[in-house]
Amino acid sequence: MRPSYREPHPVTGAGVATGAATAFVWLLLFGLLGRDVPGYAWWTLLAGGLAWLAAAVLVRHGDRGVATGVAIVTAGGWSIAAAIVAVRWAQSGDWPLW
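To keep things clear, this report deals only with the structure shown in the data block. In this text, all values refer to a predicted model and were calculated from it rather than measured experimentally.

Per the secondary structure count, the chain includes three helices and zero strands. Overall, the chain shows an N-to-C arrangement of helices and strands of α-α-α. The C-alpha radius of gyration computed for the chain amounts to 17 Å, which surpasses the reference 13 Å derived for 98 residues by more than 25%, pointing to a less compact arrangement than a globule. When the backbone C-alpha atoms are referred to their principal axes, the chain occupies close to 70 × 20 × 20 Å. Among the 98 residues that make up the chain, the fraction classed as buried is 28%. Put simply, of all contacts in the chain between residues at least 6 apart along the chain, 62% involve residues at least 24 apart. Of the charged side chains in the chain, 6 are positive and 4 negative, and the gap between their average positions amounts to 12 Å.

What follows deals with a nonpolar patch on the surface. On the surface, Trp26, Leu33, Trp43, Leu46, Leu50 and Leu53 cluster together into a nonpolar patch covering about 560 Å² of accessible area. Here the nonpolar patch gets four residues from one element, more than from any other, and that element is helix α2 (residues 37-61). Here Leu53 shows up in helix α2. Taking the relative accessible area as the measure of exposure, Leu53 reaches 54% and is therefore exposed.

Let's shift gears to helix α3 (residues 64-92). Taking 1.5 Å per residue, 29 residues should reach 42 Å; α3 reaches 42 Å between its end C-alpha atoms and fits that length. The set of residues buried in α3 consists of Gly65, Val66, Ala67, Gly69, Val70, Thr74, Gly77, Ala81 and Val85. Residues of α3 that are buried make contact with α1 (13-31) and α2. One side-chain oxygen of the residue at the start of α3 lies 2.9 Å from the amide nitrogen of Gly65, identifying that residue as Asp63.

Reading the values: the criteria
Residues numbered from 1 in each chain as written. Predicted model: local features only at pLDDT ≥ 70, side-chain atom pairs only at ≥ 80, totals over all residues. Heavy atoms only, no water. Helix = DSSP H or I, 4+ residues; strand = E, 2+ residues; numbered from the N terminus. Rg over C-alpha atoms; globule rule 2.2 N^0.38 Å. Buried < 20%, exposed > 50% of the residue type's maximum accessible area, 1.4 Å probe, protein only. Contact = heavy atoms within 4.5 Å. Lys, Arg positive; Asp, Glu negative; His and termini not counted. Charge placed at Lys NZ, Arg CZ, Asp CG, Glu CD. Patch = residues over 30% accessible without salt bridge, like charges linked within 9 Å, V, L, I, M, F, W, Y side chains within 5 Å. Areas by Shrake-Rupley, 256 points an atom, 1.4 Å probe, with all protein chains shown as cover. Salt bridge = Lys/Arg side-chain N within 4 Å of Asp/Glu carboxyl O. Expected span 1.5 Å × (residues − 1). Polar contact = N/O pair within 3.5 Å; in protein donor to acceptor, adjacent residues only side chain to side chain.

In structure tokens:
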């Protein structure tokens, strides 16, 4: 008989949804700390970096499904922040982050 190996933390839909919901709330709370576009963008960048760091730890030592949800929502949050910065830049003609 051949040995069978089981993954200790298989990726499940519930895990991905949990990670996505957690990351959404995390980014929302940090984004609300910003009072203007630059503040929102910097807080979102910081929150996303911390979320991806947590996702990297989860990939290595925890639930990879949760890590996947965190990474997907964080990328979406960063995309929204980049779009807001780009729109402000296009409207004002001045780079809003410095």
